[in-house]
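Okay, here's what each chain looks like letter by letter:
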Amino acid sequence: FDISCAPILNKHKKIRGIVVVFHDITAIKKLENTRKDFVANVSHELKTPVTSLIGFTETLLDGAREDKELEDQFLHIMLHEGRRLQSLITDLLELSKIEREHFVLQWAPVSLSDVLESVLLILREKAEAKKIKLEYLQGDEGVVAGDAFRIRQIMINLISNAISYTPENGTVTIAIHERKSEADLVISDTGMGIEQDQIPRIFERFYRVDKARSRDSGGTGLGLAIVKHLVEAHDGKIHVTSVPGKGSTFTITFNKSST
Ligand code: ADP
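Residues numbered from 1 in each chain as written. Predicted model: local features only at pLDDT ≥ 70, side-chain atom pairs only at ≥ 80, totals over all residues. Heavy atoms only, no water.

- Within an unreviewed UniProt entry, the label attached to the protein chain reads histidine kinase, and the organism entered is Sporolactobacillus nakayamae.

Right under this line is the structure:
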């Protein structure tokens, strides 16, 4: 509580009473703590690749570059760390833009299947590199009300996660199902799955079930936080079902376009 007091004086300037105001600041404190946690997380996430970049640069300057093989190995690590820093900054900027109060979508009728076809073109390579079968069960077109660019972002994040968290020779299946006034985008994988109690947490910023695995796959820990915000901006819904060791299904429900 925040407490403030003020005396009430009569016309002879004598104290008649006191007004005490108790201000419940639990919500404000909570918000402040969330903000502090976020800043601490961001600092930590940014520090790790920067420390590594500086460390390897110093070692190279100290003479390691005379060994060509070692130099090559270090440069590859530095490139990887530099790219990680780049994705982190891109995702952070994106999240801060989306979370802003005045963030607006460019509403139009969007064909989910058209957007999906273009997303599959860019993710096919990532799937092939892991020998993962990327399957699109063609059916409904799913013309929904939304922002094509943002829906594309939702699809990229969810399908790349499905590929990242599925071991080699697995399958990622995508389908679109239309109903009367809604359309579902369903992304299923035969991957590692998520424990039931972890499911609500994966949408938090920087939350990862397995930090090391997320980093290895180039994850920033922000992908699903971005998805959650974008789906909410579309008045859509997210539903996740998962069986650890068997796989997960992410279903995104959009509202159909009336035109
Ligand atoms: P990251 O960059 O770590 O992938 P996300 O916000 O996209 O961050 O996801 C948060 C966490 O949720 C991941 O680190 C992973 O532990 C879990 N996760 C997301 N998608 C899947 C999936 N398809 N299968 C299993 N775990 C998943």
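1. Description of the UniProt feature "domain: Histidine kinase" (unreviewed entry) in the protein chain
Then, in step 1: Annotation from UniProt places "domain: Histidine kinase" (unreviewed entry) at residues 41–258.
Then, in step 2: Within the segment residues 41–258, helix and strand shares are 48% and 21% respectively, and the terminal C-alpha atoms sit 42 Å apart. (UniProt positions renumbered as here; feature names shortened; annotations may be inferred. Helix = DSSP H or I, 4+ residues; strand = E, 2+ residues; numbered from the N terminus.)

2. Observations regarding the nonpolar core
When a protein is soluble and globular, its nonpolar side chains tend to lie buried together.
Then, in step 1: Residues Leu 134, Met 155, Ile 159 and Ile 174 are the most contacted members of the largest nonpolar core, which totals 48 residues.
Then, in step 2: Mapped by element, the contributors of at least two residues to this core are α2 (68–99), α3 (112–129), β4 (133–137), α4 (148–164), β6 (171–178), β7 (182–189), α6 (223–233) and β9 (247–255).
Then, in step 3: With residues up to four places along the chain from it excluded, the contact list for Ile 174 reads Leu 116, Leu 120, Leu 134, Glu 135, Tyr 136, Leu 137, Ile 159, Leu 185, Val 186 and Ile 187. (Core = buried A, V, L, I, M, F, W, Y, C linked by side-chain atoms within 4.5 Å. Buried < 20%, exposed > 50% of the residue type's maximum accessible area, 1.4 Å probe, protein only. Contact = heavy atoms within 4.5 Å.)

3. Considerations on unusual backbone geometry
Then, in step 1: Even without being a glycine, Lys 131 presents a positive backbone phi close to 55 degrees.
Then, in step 2: Relative to the assigned elements, Lys 131 resides in the loop between α3 and β4.
Then, in step 3: For Phe 206, which is not glycine, the phi torsion reads 70 degrees and is therefore positive.
Then, in step 4: Note that Phe 206 resides in the loop between β7 and α5 (211–216).
Then, in step 5: For Phe 206, a relative accessible area of 5% translates into the label buried.

4. A look at the pairing of strand β5 (residues 143–146)
Within a regular strand, side chains alternate between the sheet's two faces.
Then, in step 1: Of the two faces of β5, only the one carrying Val 144 and Gly 146 is buried; Val 143 and Ala 145 on the other face are not.
Then, in step 2: Note: strand β3 (residues 108–111) against β5, four bridges, orientation antiparallel. Across the sheet, Ser 111 pairs through a bridge with Val 143, a residue of β5. (Pairing = 2+ DSSP bridges.)

5. Description of the site of the ligand
Then, in step 1: Close contacts around the ligand come from 20 residues, with Tyr 165, Ser 214, Thr 220, Gly 221 and Leu 224 the closest.
Then, in step 2: For the ligand, an oxygen atom lies 2.8 Å from a polar atom in the backbone of Thr 220.
Then, in step 3: With respect to the ligand, the backbone of Gly 223 contributes an N or O atom lying 3.3 Å from an oxygen atom.
Then, in step 4: Within the complex, 97% of the 530 Å² of free accessible area of the ligand lies under protein.
Then, in step 5: If you list the elements that add at least two residues to the shell around the ligand, you get α4, α6 and β9. (Near = heavy atom within 4 Å. Polar contact = N/O pair within 3.5 Å; in protein donor to acceptor, adjacent residues only side chain to side chain. Areas by Shrake-Rupley, 256 points an atom, 1.4 Å probe, with all protein chains shown as cover.)

6. A closer look at the pairing of strand β2 (residues 15–23)
Then, in step 1: The sheet contact formed by strand β1 (residues 2–9) and β2 spans eight bridges and is antiparallel. Bridge assignment links Asp 2 to a residue of β2, and that residue is His 23.
Then, in step 2: The hairpin turn running from β1 into β2, its antiparallel successor, is five residues long, and Lys 13 in that turn takes a positive phi close to 65 degrees.

7. Description of the environment of Lys 29
Then, in step 1: Note on placement: Lys 29 falls in helix α1 (residues 26–61).
Then, in step 2: For Lys 29, a relative accessible area of 42% puts it in the partly exposed group.
Then, in step 3: Residues Lys 29 and Phe 1 lie 28 residues apart in sequence; the distance between their C-alpha atoms is 9.9 Å.

8. What to know about the environment of Ile 122
Then, in step 1: Relative to the assigned elements, Ile 122 resides in helix α3.
Then, in step 2: With a relative accessible area of 46%, Ile 122 lands in the partly exposed category.
Then, in step 3: Spatially, the C-alpha atoms of Ile 122 and Ile 156 are 8.9 Å apart, while their sequence positions differ by 34 residues.
Then, in step 4: Discounting chain neighbours no more than four positions away, the residues touching Ile 122 are Arg 152 and Ile 156.

9. Concerning α1
Then, in step 1: Look at α1: 52 Å from first C-alpha to last across 36 residues, which is about the 52 Å you get at 1.5 Å a residue.
Then, in step 2: Among all positions in α1, only Val 42, Glu 45, Pro 49, Ser 52 and Leu 60 are buried.
Then, in step 3: Where α1 is buried, its residues contact α2 and α5.
Then, in step 4: Phi turns positive one or two residues past the end of α1, at Gly 63, with a value near 125 degrees. (Expected span 1.5 Å × (residues − 1).)

10. Examining the pattern of salt bridges
Then, in step 1: Under the criterion given, the structure shown has 14 salt bridges.
Then, in step 2: Here Lys 228 and Glu 232 are joined by a salt bridge, their closest N and O atoms 3.8 Å apart. Here Lys 228 pairs with Glu 232, and both are found in helix α6, just four residues apart, close to one helical turn.
Then, in step 3: If you follow the salt bridges from partner to partner, you end up with Arg 179, Glu 182, Asp 184 and Lys 237 in one network. (Salt bridge = Lys/Arg side-chain N within 4 Å of Asp/Glu carboxyl O.)

11. A word on the confidence of the model for the protein chain
Then, in step 1: Scored by pLDDT, the protein chain has a mean of 93; 100% of the residues are at 70 or more.
Then, in step 2: With pTM at 0.86, the complex prediction returns an ipTM value of 0.99. (pLDDT = per-residue confidence, 0-100.)

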